[in-house]
Amino acid sequence: MSRKVMMNGAYVAWDHATVHISTHALHYGTAVFEGIRAYYNDGKGQSFIVRLTEHVERLYRNMRVLRLTLPLAKQEFADAIIDVVRENALKEDVYIRPIVYWGAGTVGLYPCGRANDYAIYVEPMGKYFDDIDAGLKVCVSSWARVSDNALPPTGKFAGAYVNSVLAKVEAVQDGYDEAILLTKDGFVSEGSGENVFLVRNGTVLTPPVSDDILEGITRDAIITLCADRSYDVRERRIGRTELYAADELFFTGTAGEVAPITSVDGIIIGDGGAGAITQELKEAYFNAARGNDPRYTRWLTPVF
Ligand SMILES: Cc1ncc(COP(=O)(O)O)c(C=O)c1O
């Protein structure tokens, strides 16, 4: 593999991009990461990183919670991300994974005093969901979403992803594509790696940040796209039964993009296909993210 990974500011060959066994983050999940897409636009011969500034803002916001710091200003870190994509020269759609973590040292929970390390790498990524066009079969997970007062779900804290992995594995092994997790109080929260939207009587609804969701950047983009189309879009608490009664349901996420949901726990949603509003928002999102809609070029950072 000829790809290069940036580790603490220096490029390292893919096969040598390793961490020490005593790395705090490996044992205790004390890392904060991001997931960013860059879409390659063939016609323009250009790759566009989607919402780079917002991803770096979220990363730095969450680093503060874990007391992680870096010797780089946000703009310098954003420039490093662009550099990694350019250096790897991939002329295809890619996923970028920056990660900041408490490094190697002696055993013990208190991490402060050891190194704050970071790495940035890139990998090719097509569809995250094979069935994104046909629509997803999902279940309501038996796992509750981690709650904010126990382990913050609002950012990409590595340790919190055990919750997502448990839900995802259960869903897939039970024959579903994805899970929807409820809060500990039983309200709709989100997918294992996606935010969820519901359409009912033309109104577009999504759970509020206070219902233990990741503050999704694609979620924010969809809210903007809805508002720009004069859809009535609201952030409000959603009950479990509202999922089954929805006219349309869909997930949003950097990896998952805009993915229609066609059944929940075997109950068919709407007419069992991707709903009209979902389809419209999906197309609008792809046009914006791929650099084909000049109204949203503010979301894009060209790489080459
Ligand atoms: C748990 C979770 N929810 C939602 C999302 C979607 O967030 P974004 O749109 O910022 O990618 C993600 C992204 O990976 C996620 O991990």
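Residues numbered from 1 in each chain as written. Predicted model: local features only at pLDDT ≥ 70, side-chain atom pairs only at ≥ 80, totals over all residues.

Engineer: So what exactly am I meant to see when it comes to the site of the ligand here?
Structural biologist: Taken together, the neighbourhood of the ligand is formed by 15 residues, with Leu-214, Gly-216, Thr-218, Gly-253 and Thr-254 sitting nearest. When residues of the shell around the ligand are traced back to their parent elements, those giving at least two are helix H5 (217–228) and strand S14 (248–253). The dominant element in the shell around the ligand, judged by the number of residues it contributes, is H5, at three residues. Residues that form the shell around the ligand fall into these classes: three nonpolar, nine polar and three charged. (Near = placed C-beta within 6 Å. Helix = DSSP H or I, 4+ residues; strand = E, 2+ residues; numbered from the N terminus. Nonpolar A, V, L, I, M, F, W, Y, C, P; charged D, E, K, R; others polar.)

Engineer: Looking at this structure, I do not really get the nonpolar core. What am I missing?
Structural biologist: As a rule of thumb, soluble globular proteins bury nonpolar side chains together. Residues Ile-49, Ile-81, Val-85, Ile-96, Leu-249 and Tyr-285 are the most contacted members of the largest nonpolar core, which totals 73 residues. Domain assignment of the residues forming this core places at least three in each of domain 1 (4–124) and domain 2 (136–289). Ile-81 has contacts with Ile-36, Leu-52, Ile-96, Pro-98 and Ile-120, leaving out every residue within four places of it along the chain. (Core = buried A, V, L, I, M, F, W, Y, C linked by C-beta atoms within 7 Å. Buried ≥ 20, exposed ≤ 12 C-beta atoms within 10 Å, placed from the backbone. Domains from an automatic or database assignment. Contact = placed C-beta atoms within 7 Å.)

Engineer: What am I meant to see in H5 here?
Structural biologist: Helical geometry: 3.6 residues make up each α-helical turn, so side chains three or four residues apart lie on a common side. In this model H5 runs 17 Å from its N-terminal to its C-terminal C-alpha over 12 residues, within 8% of the 16 Å that 1.5 Å per residue would give. Every buried residue of H5 is accounted for by Ile-217, Thr-218, Arg-219, Ala-221, Ile-222, Leu-225 and Cys-226. Just downstream of H5, Ser-230 is the residue with a positive phi angle, here 60 degrees. (Expected span 1.5 Å × (residues − 1).)

Engineer: Please explain the domain arrangement of the protein as it appears in this structure.
Structural biologist: A common way to report how large an interface is uses the accessible area buried once the components associate. Entries for the protein in the domain assignment read domain 1 (4–124) and domain 2 (136–289). On the side of domain 2, 11 residues touch domain 1, which itself brings 22 residues to the contact. When residues of the side of domain 1 that touches domain 2 are traced back to their parent elements, those giving at least two are helix H1 (24–28), strand S3 (31–33), strand S4 (36–41) and helix H2 (52–65). At six residues, the largest contribution of residues to the side of domain 1 that touches domain 2 is made by H2. Classifying every residue of the side of domain 1 that touches domain 2 gives 11 nonpolar, five polar and six charged.

Engineer: Just checking my understanding: could you explain the environment of Ile-21 for this structure?
Structural biologist: By secondary structure assignment, the location of Ile-21 is in the loop between strand S2 (10–13) and H1. On the basis of neighbour count, Ile-21 is assigned to the exposed category, with 8 C-beta atoms found within 10 Å. For the pair formed by Ile-21 and Gly-105, sequence separation is 84 residues and the distance between their alpha carbons is 9.3 Å.

Engineer: What is the right way to look at the environment of Ile-36 in this model?
Structural biologist: Note on placement: Ile-36 falls in strand S4. Sequence separation between Ile-36 and Val-122 is 86 residues; the distance between their C-alpha atoms is 9.3 Å. Contact partners of Ile-36, with chain neighbours within four places excluded, come to Ile-49, Val-50, Leu-52, His-55, Ile-81, Ile-96 and Thr-254.

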